[in-house]
Number of protein chains: 2
Amino acid sequence: MTSRRPDLAAMIGPLGRTLLALEAPILEAHGLAMWAYAVLLNLDSEPVRTQNALADAIGADKTRIIRILDDLAARGLIERRPDPTDRRVRLLSITAEGRRLRDATQTAIQAAENDLLDRLTPTERETFLTILQKLV
Amino acid sequence: MTSRRPDLAAMIGPLGRTLLALEAPILEAHGLAMWAYAVLLNLDSEPVRTQNALADAIGADKTRIIRILDDLAARGLIERRPDPTDRRVRLLSITAEGRRLRDATQTAIQAAENDLLDRLTPTERETFLTILQKLV
DNA sequence: TATTGTTATACTCTATAACTATA
DNA sequence: TATAGTTATAGAGTATAACAATA
């Protein structure tokens, strides 16, 4: 017997597109491409070893993030230096300015997302976010 | 003060990719491309007037679905005939065979999705689906 | 020989613009 | 003139394969 619910993907897909459309102008206003923002989000205090690992972490592919890292480094938002112990690998870290930009952008984005989440009751909202984290 | 939650998009995005990867082999096994499946899902008993409307409904663009409709029609899964009252527009309807294929595919997909949803308690699962529908 | 990062290339997906046929 | 559908083309995004440096 079919459960007769909408497909999960049929809901997640459009929701994702909505969020993307919501973020696009905010990202542009902050001078960040989507993947650049994803990179900044995944660079925290501790440096990330290997660009490969970073690419995996954000669901991209290693060849794709190179241009993005070039740009971010050129703008002083991240630092990319060779690992002294293995000069093949690059240690990636976010700079103070990068962190500032990332946080400002995130604040704006989450504010926009909150407008959407306001359709939910506070409990629903809490539950939804918890479950999402559980699924991802 | 920042809420310090992960961005909604940062969770929906990867979840969407996961679902896509989950569906890909199932869709292929049933001989359906992703957008073709989306079309079949949105065609129910009542015919859809204008391809434009259908494209909007699935978040695609009118030029994109034409090839897909051609293919589906050639395979007898949908019917596309001119509206007698305005011969510019096409009336789109799903055939019995199309419905059969769509339902079989959906059953398989939802079964796969259920494996993922099994990480949740029954109540969480219920709430999650309800909230998702509310947001989309 | 294997691995990290890089570059160049090919491929897919999507959007834009121009065309037709109807109205 | 405006609209539905179509086609052709260009552009963006992504993946594949080959390369250099290091281990």
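It should be emphasised that the depicted structure is a prediction, and the values quoted were computed from it without experimental measurement.

**Q** Would you mind going over the UniProt feature "domain: HTH marR-type" (unreviewed entry) in chain A in detail, with residue names and values included?
**A** Feature annotation in UniProt places "domain: HTH marR-type" (unreviewed entry) on residues 5–136 of chain A, given in this structure's numbering. A distance of 21 Å separates the end C-alpha atoms of residues 5–136 of chain A, which is 66% helix and 13% strand.

**Q** Before we move on, can you summarise the protein's contact with DNA strand C with the specific residues and values?
**A** Inspection of the region around DNA strand C gives 17 residues, with Thr50, Gln51 and Arg90 of chain A together with Arg64 and Arg88 of chain B positioned closest. Each atom of DNA strand C within 4 Å of the protein was assigned to sugar, phosphate or base; sugar and phosphate come to 64%. Contact distances for DNA strand C include 3.2 Å between a phosphate oxygen and a side-chain N or O atom of Arg80 of chain A. Going through the elements one at a time, helix 3 (51–57), helix 4 (62–74) and strand 3 (86–94) of chain A together with helix 4 (62–74) and strand 3 (86–94) of chain B are the ones with two or more residues in the surface near DNA strand C. Counted by class, the surface near DNA strand C contains three nonpolar, five polar and nine charged residues.

**Q** Explain the sheet that holds strand 3 of chain A to me, using residue names and the numbers behind them.
**A** Two modes of strand pairing occur in sheets, parallel and antiparallel, and in both the strands are linked by backbone hydrogen bonds. Residue and element names in this part refer to chain A. Taken in spatial order, the three strands make up an open sheet running 1-3-2, and their pairing is antiparallel. In this open sheet, the two edge strands, each paired with only one partner strand, are strand 1 (48–49) and strand 2 (78–83). Summarising the sheet, strand 2 and strand 3 pair through six bridges and their orientation is antiparallel. Among the inter-strand pairings, Arg81 is bridged to a residue of strand 3, identified as Leu91.

**Q** Run through the interface of chain B and chain A, naming residues and quoting values.
**A** Contacts between chain B and chain A engage 42 residues on the former and 42 residues on the latter. Of the roughly 4,200 Å² buried where chain B meets chain A, counting both sides, 64% is carbon and sulfur surface. Broken down residue by residue, the surface that chain B buries against chain A is led by Arg5, Leu8 and Leu135 of chain B, which jointly contribute 16%. Inspection of the chain B/chain A interface yields four salt bridges. Across the pair Glu124 of chain A and Lys134 of chain B runs a salt bridge, and its minimum N-O distance is 2.9 Å.

**Q** Break down the protein's contact with DNA strand D for me, with residues and values.
**A** The environment of DNA strand D is made up of 17 residues, and the closest members are Arg64 and Arg88 of chain A together with Gln51, Asn52 and Arg88 of chain B. Sugar and phosphate atoms represent 67% of those atoms of DNA strand D found within 4 Å of the protein. Separating a base oxygen of DNA strand D from a side-chain N or O atom of Thr63 of chain A is a distance of 3.4 Å. In this structure, Arg87 of chain A approaches DNA strand D through a main-chain N or O atom, which is 3.0 Å from a phosphate oxygen. Elements that contribute at least two residues to the surface near DNA strand D include exactly helix 4 and strand 3 of chain A together with helix 3 (51–57), helix 4 and strand 3 of chain B. When grouped by side-chain class, the residues that make up the surface near DNA strand D number three nonpolar, five polar and nine charged.

Analysis parameters
Residues numbered from 1 in each chain as written. Chains lettered and ligands numbered in written order. Predicted model: local features only at pLDDT ≥ 70, side-chain atom pairs only at ≥ 80, totals over all residues. Heavy atoms only, no water. UniProt positions renumbered as here; feature names shortened; annotations may be inferred. Helix = DSSP H or I, 4+ residues; strand = E, 2+ residues; numbered from the N terminus. Near = heavy atom within 4 Å. Polar contact = N/O pair within 3.5 Å; in protein donor to acceptor, adjacent residues only side chain to side chain. Nonpolar A, V, L, I, M, F, W, Y, C, P; charged D, E, K, R; others polar. Pairing = 2+ DSSP bridges. Contact = heavy atoms within 4.5 Å. Buried area = accessible area lost by both parts, 1.4 Å probe. Salt bridge = Lys/Arg side-chain N within 4 Å of Asp/Glu carboxyl O.

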